[in-house]
Amino acid sequence: MNKLETIGWDSSVQDIDKENIARVIAVQKNSYRILDGEMEYFSHLSGKFINQALTSLDYPAVGDWVEVQKLPKEQKAVIHQIQPRKSQFVRQAAGTKTEAQIVAANMDTVFIVNSLNHDLNLRRMERYILSTYESGATPVIVLTKKDECTQEETDLIVAQVEEVAIGVPIIPISSITQEGIEELMTYLPAGETAALLGSSGVGKSTLVNTLIGNKVQETKDVREADSKGRHTTTHREMFLLPNGALLIDTPGMRELQLWEGESSIDATFQDIETLESECKFTDCQHDTEPGCRVQEALANGELLEERFLSYLKLQRELAYEKRKQDQKAQLAEKSKWKKISKHQKDNYKHRKKR
Ligand SMILES: Nc1nc2c(ncn2[C@@H]2O[C@H](COP(=O)(O)OP(=O)(O)OP(=O)(O)O)[C@@H](O)[C@H]2O)c(=O)[nH]1
Ligand SMILES: [Zn+2]
């Protein structure tokens, strides 16, 4: 095994000069911690790299393979290039509407983590699954804190999740009793990379510690040594598990904004939007209309049927959301006028009495 293979490199498909390749294990503001399987380096982007980067997607993310120039004595390196990614999970950057951000790159599996004991949002989960497929990785649903539920409660939730997660493995676990951990590990074979995604507080970091086992302390030390007083929780980090698998922990997704609003849907389904714009009729329903570019693309294999169905499904969801919101707005409007008119009537009565 060469040293890159110990950190997830697949020599059977990635065949280039490996001497100058390393993997990004943590991203700080303008610097990157990288690992070449033996040594860690503190690295920066070359000037040329920065000049050529057009969007935030062009910058390194945790899990990326980068081409570097190493200065081993100083444990420093300069990043010249990113290797093409086999997968990337994209979300909207916190606080902005338009900027994309890569949460993790080159993962084989995404663990969509939810807690069994609260805040189960099936619709949200469905979208996580969809985004994971879009990322190029395979989703696995992890339901944490099983120790806080009875078996009956767990079964009920699993049944609910099954309805939106067709064909996706669902694993209830507990980091306290270790239940389900063994099954989870079957999705973490040596040399593969997985990322943990989920809301803040569902137990991602605890799970990392559980899986790292007796290396917990080391992890903490690394974090503290590197944070230089900054908030450690905003750092994505990649960990090597004792069995040789790689696990990317992501910060709490309090601010996860992937699908809110139509703009992000547009970005996700850019290919279909483009096809639609080429339909003969601007109000084409992509059904039996003549000159429908979408139907044509479906027929000749340019557009996958599953993908189009996901798109339609999301459109339906959006329409549904919008109707609900409109209805709410209408009701609010109605009650506002009710109040005003009642107020008026009351005033009128008072005046009459006087
Ligand atoms: N009962 C129980 N509590 C757990 C379990 N796993 C995690 N917790 C608790 O849940 C809380 C949140 O856990 P974290 O691991 O910090 O959650 P996180 O998903 O990493 O949160 P962020 O770092 O904010 O994204 C902590 O108080 C943990 O002790 C579990 O299996 N059972
Ligand atoms: Zn059409």
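As a starting point, this report considers the structure included with it. Residue indices follow the written sequence of each chain, beginning from 1 at its first position. To read the labels, note that chains go from A and ligands from 1, taken in the order they are written. Two thresholds apply to this predicted model, a pLDDT of at least 70 for residue-level local features and 80 or more for giving and counting side-chain atom pairs, whereas whole-chain, interface and lining totals are computed over all residues.

Here Tyr32 lies in strand E2 (residues 32–35). For every residue, the other C-beta atoms within 10 Å of its own C-beta are counted; 20 or more classify it as buried, 12 or fewer as exposed, and values in between as partly exposed. C-beta atoms are placed from the backbone. Accessibility expressed as a C-beta count within 10 Å gives 24 for Tyr32, which makes it buried. Sequence separation between Tyr32 and Pro60 is 28 residues, and the spatial gap between their C-alpha atoms is 8.0 Å. The contact criterion used is a C-beta to C-beta distance within 7 Å, with each C-beta placed from the backbone. With residues up to four places along the chain from it excluded, the contact list for Tyr32 reads Val24, Val27, Ser43, Pro60 and Ile79. A helix here means a DSSP run of H or I that spans at least four residues, while a strand means a run of E at least two residues long, and both kinds are numbered starting from the N terminus.

This paragraph deals with the pairing of strand E13 (residues 246–249). Neither face of E13 is open: one carries Leu246 and Ile248, the other Leu247 and Asp249, and all of them are buried. Two strands qualify as a pair provided that DSSP identifies no fewer than 2 bridges between them. Bridging between strand E11 (residues 193–197) and E13 involves four bridges; their strand directions are parallel. Bridged to Thr193 within E13 is Leu246. Direction of pairing for strand E12 (residues 237–240) relative to E13: antiparallel, over a ladder of four bridges. Bridge pairing in E13 places Leu240 opposite Leu246. The turn linking E12 back onto E13 is made up of five residues, and Gly244 within it adopts a positive phi angle of 100°.

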